[in-house]
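Survey of secondary and tertiary structure
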Amino acid sequence: MTDFAGRLRLGVNIDHVATVRNARGSAYPCPLRAAKLAQEAGADGITAHLREDRRHISDADIDGLMETLTLPLNFEMAATGEMQAIALRHKPHAVCIVPEKREERTTEGGLDVARDDNRLAAFIAPLREAGCRVSMFIGADEAQVTASARIGAQVVELHTGHYCDLHAEGRLAERDEELARLREMTAYAHSLGLEVHAGHGLTYETVQPIAAFPEVMELNIGHFLIAEALFKGLAPAITEMRRLMDEARGLPAQ
Ligand code: PXP
């Protein structure tokens, strides 16, 4: 684990390697191969989301990652009995609980931990007992941070999607307000003893202000890296993201 305000961990999300594979029902490109390449390029962890509808990552992908990956796996999952059983079978390093709606294109918002706290507390207890670090994927909202700490999560991952969307739409004043909320909630979560991660929608343009928050320990980034890999290859795409993260942290280039 990274020291506070030291080098940020980069979790590379490989879901969209599987999206391309599944678009043709072929055996390639292989998410496992991407995970190995990501490791060589400096990823500190691999993130994969086994969705209820299996639209990208498959059960076999998770089996393969658990069998061969030497990096920690951050297993993203909805709070369902099926996913809990899979996580308890594999005991990945980390489990990130995300909201899931069938009709959404991606994980659009954060989890409502505050509304569902009793159920989520009971849901995550066996995962913690199995040794998984449990993370809640939430928006920059005080009630959600407080509830995540209350139910016993060790980690919160703050959803950066809204900040990235506002940036892409050129709504810069609103973007900066969202950035300020993310900043404040990062500090607040840290003050409650939670480890803070962030992710969703991050690109070379949006990563540095988030990476500069000293309490953030890990960023999880996928879609942009896989898209960028089309043009420059996966390893160079990751290397550049790593460089930007280190630069934002005031660390020398490696
Ligand atoms: N973190 C979480 C919890 C996510 O659900 C996702 C998307 O699967 C990501 C990070 C990565 O988002 P993106 O693919 O937009 O970089």
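1. Thoughts on the packing of aromatic side chains
Taken as a whole, this structure holds one aromatic pair when the rule is applied. With a centroid separation of 4.7 Å and an interplanar angle of 80 degrees, the aromatic rings of tyrosine 204 and phenylalanine 224 are classed as edge-to-face. With a gap of 20 residues between them, tyrosine 204 in the loop between strand 7 (195-199) and helix 9 (207-211) and phenylalanine 224 in helix 10 (residues 223-232) connect regions that are remote in the sequence. Pair check on accessibility: tyrosine 204 and phenylalanine 224 agree, each one buried.

2. Some words on the packing of helix 6 (residues 142-150) against helix 8 (residues 172-191)
Close contact between helix 6 and helix 8 brings their axes to 10 Å; oriented N to C, the two are set at 20 degrees. Relative to helix 8, helix 6 is oriented roughly parallel. When the axes of helix 6 and helix 8 are compared, the crossing they make is right-handed. Facing Glu142, Val145 and Thr146 of helix 6, the residues of helix 8 in contact are Met185, Tyr188 and Ala189. Its residues assigned to classes, the contact of helix 6 with helix 8 shows four nonpolar, one polar and one charged.

3. Focus: the environment of glutamine 39
Its place among the elements puts glutamine 39 in helix 2 (residues 31-40). Judged by relative accessible area, glutamine 39 falls into the partly exposed class, the value being 29%. If near-sequence neighbours (up to four positions away) are discounted, glutamine 39 is found in contact with Thr70 and Leu71. A polar contact of 2.9 Å, which involves the side chain of glutamine 39, links it to the side chain of threonine 70.

What counts and what doesn't
Residues numbered from 1 in each chain as written. Predicted model: local features only at pLDDT ≥ 70, side-chain atom pairs only at ≥ 80, totals over all residues. Heavy atoms only, no water. Phe/Tyr/Trp six-rings, centres within 6.5 Å; stacked < 30°, edge-to-face > 60°. Helix = DSSP H or I, 4+ residues; strand = E, 2+ residues; numbered from the N terminus. Buried < 20%, exposed > 50% of the residue type's maximum accessible area, 1.4 Å probe, protein only. Axes fitted to C-alpha atoms, helices over the stretch in contact; angles between N-to-C directions. Parallel < 35°, antiparallel > 145°, perpendicular 65-115°, else oblique. Left-handed = near helix turned anticlockwise from the far one by under 90°. Contact = heavy atoms within 4.5 Å. Nonpolar A, V, L, I, M, F, W, Y, C, P; charged D, E, K, R; others polar. Polar contact = N/O pair within 3.5 Å; in protein donor to acceptor, adjacent residues only side chain to side chain.

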